Amino acid sequence: MGTFADYIDINDEVLDALRFCKPIVALESTIISHGMPYPENIKTALEVEDTVIQNGAVPATIAIIKGRIKIGLTPDELEYLAGSKEVSKVSRRDIPHIIALGQSGATTVASTMIFARIAGIKLFATGGIGGVHRGAEKSFDISADLTELAQTNVAVVCAGVKSILDIGLTLEKLETLGVPVLGYRTDEFPSFYTRSSGFGVDYKVHNPAECARILMAKWDLNLDGGVIVANPVPKEYEADSEVINTAIEKALQEAVKSNIKGKHVTPFLLSKVKELTVGESLETNIALIKNNAEVAAKIAVEYARLEE
Ligand code: PSU
Ligand code: MN
(Lines give C-alpha, C1' and ligand atoms only; values in the text may rest on other atoms or scores of the structure.)
(Ligands and ions follow the chains in the order given, each with its own letter.)
Protein backbone atom coordinates (compact mmCIF):
# COMPACT_ATOMS: atom_id res chain seq x y z
CA MET A 1 0.00 0.00 0.00
CA GLY A 2 1.14 3.52 -0.73
CA THR A 3 0.32 6.99 0.48
CA PHE A 4 -0.80 10.11 -1.36
CA ALA A 5 2.83 11.20 -1.67
CA ASP A 6 3.33 8.41 -4.22
CA TYR A 7 0.91 10.13 -6.59
CA ILE A 8 1.70 13.83 -6.22
CA ASP A 9 4.32 16.16 -7.68
CA ILE A 10 4.51 19.57 -6.03
CA ASN A 11 6.59 22.15 -7.88
CA ASP A 12 9.52 23.95 -6.22
CA GLU A 13 7.81 27.33 -5.71
CA VAL A 14 4.85 25.71 -3.97
CA LEU A 15 7.07 23.40 -1.92
CA ASP A 16 9.09 26.37 -0.76
CA ALA A 17 5.92 28.29 0.12
CA LEU A 18 4.56 25.32 2.07
CA ARG A 19 7.80 24.90 3.97
CA PHE A 20 7.90 28.57 5.04
CA CYS A 21 4.12 28.99 5.55
CA LYS A 22 3.93 31.53 2.74
CA PRO A 23 0.55 32.30 1.16
CA ILE A 24 -0.55 30.03 -1.70
CA VAL A 25 -3.61 30.09 -3.95
CA ALA A 26 -4.83 26.94 -5.70
CA LEU A 27 -6.32 27.28 -9.20
CA GLU A 28 -8.43 24.74 -11.05
CA SER A 29 -7.87 23.38 -14.56
CA THR A 30 -11.36 22.44 -15.82
CA ILE A 31 -11.79 26.14 -16.44
CA ILE A 32 -8.76 25.90 -18.79
CA SER A 33 -9.57 22.63 -20.60
CA HIS A 34 -13.36 22.74 -20.67
CA GLY A 35 -14.43 26.23 -19.67
CA MET A 36 -12.87 28.51 -22.24
CA PRO A 37 -11.81 28.39 -25.90
CA TYR A 38 -8.18 28.31 -27.10
CA PRO A 39 -6.13 30.54 -27.02
CA GLU A 40 -8.02 32.72 -24.52
CA ASN A 41 -7.82 29.86 -22.01
CA ILE A 42 -4.00 29.68 -21.91
CA LYS A 43 -3.69 33.46 -21.90
CA THR A 44 -6.10 33.71 -18.98
CA ALA A 45 -4.45 30.85 -17.07
CA LEU A 46 -1.09 32.65 -17.23
CA GLU A 47 -2.58 36.04 -16.35
CA VAL A 48 -4.45 34.62 -13.38
CA GLU A 49 -1.23 33.11 -12.02
CA ASP A 50 0.40 36.49 -12.46
CA THR A 51 -2.45 38.20 -10.57
CA VAL A 52 -1.86 35.84 -7.64
CA ILE A 53 1.86 36.69 -7.65
CA GLN A 54 1.17 40.46 -7.88
CA ASN A 55 -0.97 40.16 -4.77
CA GLY A 56 1.67 38.44 -2.68
CA ALA A 57 0.89 34.72 -3.01
CA VAL A 58 2.23 31.71 -4.89
CA PRO A 59 -0.09 30.25 -7.57
CA ALA A 60 -0.67 26.48 -7.63
CA THR A 61 -2.65 25.43 -10.67
CA ILE A 62 -3.75 21.83 -10.17
CA ALA A 63 -4.31 19.04 -12.74
CA ILE A 64 -3.59 15.38 -13.43
CA ILE A 65 -0.98 14.92 -16.13
CA LYS A 66 -0.31 11.43 -17.45
CA GLY A 67 -1.41 9.84 -14.19
CA ARG A 68 0.45 12.23 -11.85
CA ILE A 69 -1.28 14.79 -9.65
CA LYS A 70 0.47 18.11 -10.28
CA ILE A 71 0.39 20.96 -7.79
CA GLY A 72 1.82 23.92 -9.69
CA LEU A 73 2.23 23.61 -13.44
CA THR A 74 4.90 24.63 -15.92
CA PRO A 75 3.91 26.85 -18.89
CA ASP A 76 4.24 23.76 -21.12
CA GLU A 77 1.85 21.80 -18.92
CA LEU A 78 -0.63 24.70 -18.96
CA GLU A 79 -0.34 24.83 -22.75
CA TYR A 80 -1.02 21.08 -22.94
CA LEU A 81 -4.17 21.42 -20.81
CA ALA A 82 -5.34 24.36 -22.90
CA GLY A 83 -4.82 22.75 -26.29
CA SER A 84 -5.18 18.98 -25.94
CA LYS A 85 -8.40 17.12 -26.67
CA GLU A 86 -7.35 14.12 -24.58
CA VAL A 87 -7.76 15.84 -21.20
CA SER A 88 -10.95 14.72 -19.49
CA LYS A 89 -12.97 16.54 -16.86
CA VAL A 90 -12.14 15.00 -13.50
CA SER A 91 -14.30 15.30 -10.43
CA ARG A 92 -14.01 13.18 -7.24
CA ARG A 93 -15.38 9.98 -8.74
CA ASP A 94 -13.09 10.14 -11.81
CA ILE A 95 -9.77 10.44 -9.95
CA PRO A 96 -8.86 6.75 -9.38
CA HIS A 97 -9.49 5.72 -12.99
CA ILE A 98 -7.57 8.61 -14.56
CA ILE A 99 -4.59 8.07 -12.27
CA ALA A 100 -4.45 4.29 -12.49
CA LEU A 101 -4.56 4.38 -16.29
CA GLY A 102 -1.94 7.12 -16.58
CA GLN A 103 -4.33 9.55 -18.26
CA SER A 104 -4.65 13.33 -18.02
CA GLY A 105 -7.47 15.22 -16.38
CA ALA A 106 -8.55 18.76 -15.70
CA THR A 107 -9.72 19.17 -12.11
CA THR A 108 -13.12 20.60 -11.18
CA VAL A 109 -13.79 22.60 -8.04
CA ALA A 110 -14.34 19.34 -6.13
CA SER A 111 -11.14 17.59 -7.19
CA THR A 112 -9.05 20.77 -6.98
CA MET A 113 -10.23 21.13 -3.37
CA ILE A 114 -9.26 17.52 -2.64
CA PHE A 115 -5.72 17.96 -3.97
CA ALA A 116 -5.29 21.42 -2.43
CA ARG A 117 -6.21 20.00 0.97
CA ILE A 118 -3.76 17.11 0.62
CA ALA A 119 -1.02 19.61 -0.24
CA GLY A 120 -2.00 21.91 2.65
CA ILE A 121 -3.34 24.83 0.57
CA LYS A 122 -6.22 26.73 2.19
CA LEU A 123 -7.31 29.22 -0.50
CA PHE A 124 -8.59 28.46 -3.96
CA ALA A 125 -9.77 30.87 -6.66
CA THR A 126 -12.06 29.98 -9.55
CA GLY A 127 -14.83 31.46 -11.69
CA GLY A 128 -18.03 29.75 -10.63
CA ILE A 129 -18.78 26.59 -8.70
CA GLY A 130 -21.14 23.80 -9.68
CA GLY A 131 -24.46 23.49 -7.87
CA VAL A 132 -28.03 22.26 -8.04
CA HIS A 133 -29.21 22.20 -11.64
CA ARG A 134 -32.58 23.50 -12.69
CA GLY A 135 -34.98 20.56 -12.77
CA ALA A 136 -32.86 18.63 -10.23
CA GLU A 137 -36.05 17.33 -8.60
CA LYS A 138 -36.33 15.08 -11.67
CA SER A 139 -32.72 14.72 -12.90
CA PHE A 140 -31.02 14.54 -9.46
CA ASP A 141 -28.24 16.59 -11.08
CA ILE A 142 -26.40 18.17 -8.17
CA SER A 143 -22.70 18.92 -8.58
CA ALA A 144 -20.19 16.97 -6.51
CA ASP A 145 -18.68 20.41 -5.78
CA LEU A 146 -21.34 20.85 -3.08
CA THR A 147 -20.60 17.61 -1.23
CA GLU A 148 -16.90 18.44 -1.42
CA LEU A 149 -17.55 21.84 0.13
CA ALA A 150 -19.30 20.01 2.95
CA GLN A 151 -16.19 18.05 3.92
CA THR A 152 -12.93 19.50 2.57
CA ASN A 153 -11.18 22.36 4.36
CA VAL A 154 -10.51 24.79 1.53
CA ALA A 155 -12.03 28.23 0.97
CA VAL A 156 -13.28 28.87 -2.55
CA VAL A 157 -13.34 32.42 -3.89
CA CYS A 158 -15.82 32.55 -6.77
CA ALA A 159 -18.23 34.90 -8.50
CA GLY A 160 -21.22 32.89 -7.28
CA VAL A 161 -22.96 30.47 -9.62
CA LYS A 162 -24.30 30.88 -13.12
CA SER A 163 -28.03 30.93 -13.56
CA ILE A 164 -27.70 27.81 -15.72
CA LEU A 165 -28.21 26.42 -12.19
CA ASP A 166 -31.04 26.89 -9.72
CA ILE A 167 -29.37 29.48 -7.51
CA GLY A 168 -31.99 29.31 -4.74
CA LEU A 169 -31.76 25.53 -4.43
CA THR A 170 -27.96 25.68 -4.55
CA LEU A 171 -27.96 28.07 -1.57
CA GLU A 172 -30.45 25.86 0.32
CA LYS A 173 -28.23 22.83 -0.26
CA LEU A 174 -25.17 24.75 0.97
CA GLU A 175 -27.05 25.68 4.12
CA THR A 176 -27.97 22.03 4.74
CA LEU A 177 -24.34 21.02 4.23
CA GLY A 178 -23.14 23.67 6.69
CA VAL A 179 -21.10 25.64 4.19
CA PRO A 180 -20.79 29.35 5.08
CA VAL A 181 -21.52 31.64 2.13
CA LEU A 182 -19.71 34.94 2.65
CA GLY A 183 -20.34 37.95 0.43
CA TYR A 184 -17.11 39.81 -0.24
CA ARG A 185 -18.14 43.46 0.29
CA THR A 186 -21.68 42.55 -0.77
CA ASP A 187 -25.00 41.50 0.77
CA GLU A 188 -26.09 39.81 -2.42
CA PHE A 189 -25.06 36.47 -3.80
CA PRO A 190 -23.66 37.20 -7.28
CA SER A 191 -24.67 35.23 -10.37
CA PHE A 192 -21.32 35.06 -12.13
CA TYR A 193 -21.89 37.38 -15.13
CA THR A 194 -23.80 39.88 -13.01
CA ARG A 195 -23.40 41.22 -9.48
CA SER A 196 -26.85 40.26 -8.28
CA SER A 197 -29.07 37.19 -8.26
CA GLY A 198 -32.01 38.22 -6.11
CA PHE A 199 -30.58 36.05 -3.29
CA GLY A 200 -28.67 37.19 -0.23
CA VAL A 201 -25.50 35.81 1.35
CA ASP A 202 -25.20 34.53 4.92
CA TYR A 203 -22.76 37.26 5.93
CA LYS A 204 -21.15 40.25 4.32
CA VAL A 205 -17.38 40.38 4.90
CA HIS A 206 -15.54 43.64 4.64
CA ASN A 207 -11.88 42.81 4.09
CA PRO A 208 -9.39 39.95 3.62
CA ALA A 209 -8.38 39.89 7.31
CA GLU A 210 -11.97 39.34 8.40
CA CYS A 211 -12.28 36.45 5.93
CA ALA A 212 -9.06 34.91 7.22
CA ARG A 213 -10.29 35.04 10.82
CA ILE A 214 -13.55 33.32 9.84
CA LEU A 215 -11.63 30.51 8.13
CA MET A 216 -9.32 30.08 11.08
CA ALA A 217 -12.21 29.95 13.57
CA LYS A 218 -14.02 27.34 11.47
CA TRP A 219 -11.06 25.03 11.13
CA ASP A 220 -9.72 25.56 14.64
CA LEU A 221 -13.08 24.31 15.86
CA ASN A 222 -12.88 21.25 13.61
CA LEU A 223 -15.94 22.38 11.70
CA ASP A 224 -14.71 20.52 8.64
CA GLY A 225 -15.62 21.69 5.19
CA GLY A 226 -15.15 24.58 2.83
CA VAL A 227 -16.27 28.18 2.78
CA ILE A 228 -17.57 30.13 -0.18
CA VAL A 229 -16.32 33.66 -0.58
CA ALA A 230 -18.68 35.13 -3.16
CA ASN A 231 -16.98 37.99 -4.96
CA PRO A 232 -19.04 39.87 -7.54
CA VAL A 233 -17.57 40.72 -10.95
CA PRO A 234 -16.34 44.35 -11.07
CA LYS A 235 -19.13 46.71 -12.23
CA GLU A 236 -17.31 47.77 -15.38
CA TYR A 237 -17.16 44.15 -16.59
CA GLU A 238 -20.69 43.15 -15.64
CA ALA A 239 -22.59 41.61 -18.56
CA ASP A 240 -26.01 42.67 -19.80
CA SER A 241 -28.32 40.44 -17.76
CA GLU A 242 -30.95 40.27 -20.48
CA VAL A 243 -28.47 39.04 -23.08
CA ILE A 244 -27.16 36.45 -20.62
CA ASN A 245 -30.57 35.23 -19.50
CA THR A 246 -31.84 34.81 -23.05
CA ALA A 247 -28.71 32.81 -23.90
CA ILE A 248 -29.07 30.64 -20.80
CA GLU A 249 -32.73 29.84 -21.54
CA LYS A 250 -31.79 28.84 -25.07
CA ALA A 251 -28.83 26.75 -23.91
CA LEU A 252 -31.04 24.91 -21.41
CA GLN A 253 -33.57 24.09 -24.14
CA GLU A 254 -30.84 22.80 -26.43
CA ALA A 255 -29.39 20.60 -23.69
CA VAL A 256 -32.79 18.93 -23.26
CA LYS A 257 -33.26 18.59 -27.03
CA SER A 258 -29.81 17.04 -27.50
CA ASN A 259 -30.35 14.74 -24.49
CA ILE A 260 -27.17 15.88 -22.71
CA LYS A 261 -26.64 14.03 -19.41
CA GLY A 262 -24.32 13.69 -16.43
CA LYS A 263 -20.91 15.32 -16.43
CA HIS A 264 -21.47 16.72 -19.94
CA VAL A 265 -24.33 19.01 -18.86
CA THR A 266 -22.25 21.81 -17.35
CA PRO A 267 -19.63 22.02 -20.16
CA PHE A 268 -22.41 21.86 -22.77
CA LEU A 269 -24.32 24.74 -21.18
CA LEU A 270 -21.17 26.80 -20.70
CA SER A 271 -20.11 26.48 -24.32
CA LYS A 272 -23.63 27.19 -25.63
CA VAL A 273 -23.92 30.33 -23.53
CA LYS A 274 -20.52 31.41 -24.76
CA GLU A 275 -21.52 30.76 -28.38
CA LEU A 276 -24.79 32.66 -28.02
CA THR A 277 -23.30 35.72 -26.33
CA VAL A 278 -20.21 35.78 -28.55
CA GLY A 279 -17.45 37.90 -27.00
CA GLU A 280 -19.32 39.49 -24.14
CA SER A 281 -19.52 36.54 -21.76
CA LEU A 282 -15.90 35.60 -22.31
CA GLU A 283 -14.63 39.08 -21.43
CA THR A 284 -16.71 39.05 -18.24
CA ASN A 285 -15.49 35.55 -17.45
CA ILE A 286 -11.82 36.51 -17.70
CA ALA A 287 -12.31 39.67 -15.62
CA LEU A 288 -14.07 37.91 -12.78
CA ILE A 289 -11.51 35.10 -12.53
CA LYS A 290 -8.71 37.64 -12.14
CA ASN A 291 -10.75 39.52 -9.58
CA ASN A 292 -11.21 36.29 -7.62
CA ALA A 293 -7.51 35.46 -7.85
CA GLU A 294 -6.71 38.87 -6.36
CA VAL A 295 -9.09 38.47 -3.42
CA ALA A 296 -7.98 34.88 -2.78
CA ALA A 297 -4.33 35.99 -2.71
CA LYS A 298 -5.11 38.79 -0.25
CA ILE A 299 -6.99 36.39 2.04
CA ALA A 300 -4.13 33.89 1.79
CA VAL A 301 -1.70 36.62 2.87
CA GLU A 302 -3.84 37.41 5.92
CA TYR A 303 -4.33 33.74 6.73
CA ALA A 304 -0.57 33.14 6.64
CA ARG A 305 -0.15 36.10 9.01
CA LEU A 306 -2.59 34.53 11.49
CA GLU A 307 -0.74 31.22 11.33
CA GLU A 308 2.59 32.79 12.27
N1 PSU B 1 -19.25 26.67 -13.61
C2 PSU B 1 -18.70 27.68 -14.33
N3 PSU B 1 -17.54 27.46 -14.98
C4 PSU B 1 -16.88 26.25 -14.92
C5 PSU B 1 -17.48 25.21 -14.13
C6 PSU B 1 -18.65 25.47 -13.51
O7 PSU B 1 -19.27 28.75 -14.39
O8 PSU B 1 -15.83 26.08 -15.53
C9 PSU B 1 -16.75 23.90 -14.00
C10 PSU B 1 -15.98 23.87 -12.67
O11 PSU B 1 -14.80 23.11 -12.85
C12 PSU B 1 -16.95 23.15 -11.76
C13 PSU B 1 -17.53 22.14 -12.71
O14 PSU B 1 -16.34 22.53 -10.66
O15 PSU B 1 -17.71 22.84 -13.93
C16 PSU B 1 -18.84 21.57 -12.21
O17 PSU B 1 -19.25 20.54 -13.06
P18 PSU B 1 -20.46 19.59 -12.62
O19 PSU B 1 -21.68 20.47 -12.67
O20 PSU B 1 -20.49 18.53 -13.67
O21 PSU B 1 -20.14 19.07 -11.26
MN1 MN C 1 -23.85 17.06 -12.79
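Up top is the structure.
Cut-offs applied
Residues numbered from 1 in each chain as written. Chains lettered and ligands numbered in written order. Predicted model: local features only at pLDDT ≥ 70, side-chain atom pairs only at ≥ 80, totals over all residues. Heavy atoms only, no water. Salt bridge = Lys/Arg side-chain N within 4 Å of Asp/Glu carboxyl O. Helix = DSSP H or I, 4+ residues; strand = E, 2+ residues; numbered from the N terminus. Near = heavy atom within 4 Å. Polar contact = N/O pair within 3.5 Å; in protein donor to acceptor, adjacent residues only side chain to side chain. Areas by Shrake-Rupley, 256 points an atom, 1.4 Å probe, with all protein chains shown as cover. 1 Å grid on protein atoms, 1.4 Å probe; cavity = no way out; pocket = protein on both sides within 12 Å on 5 of 7 lines; lining within 4 Å. Sits in = over half its atoms within 2 Å of the grid points. Nonpolar A, V, L, I, M, F, W, Y, C, P; charged D, E, K, R; others polar. Buried < 20%, exposed > 50% of the residue type's maximum accessible area, 1.4 Å probe, protein only. Lys, Arg positive; Asp, Glu negative; His and termini not counted. Contact = heavy atoms within 4.5 Å.

Colleague: Could you clarify how one ought to interpret the pattern of salt bridges in this entry?
Modeller: Any two side chains of opposite charge can pair, given that their charged atoms come close. Applying the stated criterion across every chain, the model contains 14 salt bridges. Where Lys272 meets Glu275, a salt bridge forms, and the shortest distance between an N and an O atom there is 3.4 Å. Of this pair, Lys272 and Glu275 both sit in helix α12 (residues 265-277), three residues apart, roughly one helical turn. Residues joined by salt bridges that share partners form a network here, namely Asp9, Arg68, Lys70 and Glu77.

Colleague: Explanation requested: the site of ligand 1 in the structure shown.
Modeller: In the vicinity of ligand 1, 13 residues are found, and the nearest of them are Lys89, Ser143, Asp145, Lys162 and Thr266. Within the contact set of ligand 1, an oxygen atom lies 2.7 Å away from a side-chain nitrogen or oxygen of Asp145. Taking Thr266, its side chain carries an N or O atom lying 2.6 Å from an oxygen atom of ligand 1. Relative to its unbound accessible surface of 470 Å², ligand 1 loses 92% to contact with the protein. Of the pockets mapped on this structure, ligand 1 occupies the largest pocket. Taken together, the residues that form the shell around ligand 1 break down as three nonpolar, six polar and four charged.

Colleague: Looking at this structure, how should I read the side chain of Lys89?
Modeller: Relative to the helices and strands, Lys89 resides in strand β5 (residues 88-90). For the buried residue Lys89, which engages in no salt bridge, the nearest side chain bearing the opposite charge is Asp94, 7.6 Å off. Setting aside residues up to four positions removed in sequence, Lys89 forms contacts with Thr30, His34, Asp94, Ala106, Thr108, Lys263, Thr266 and Pro267.

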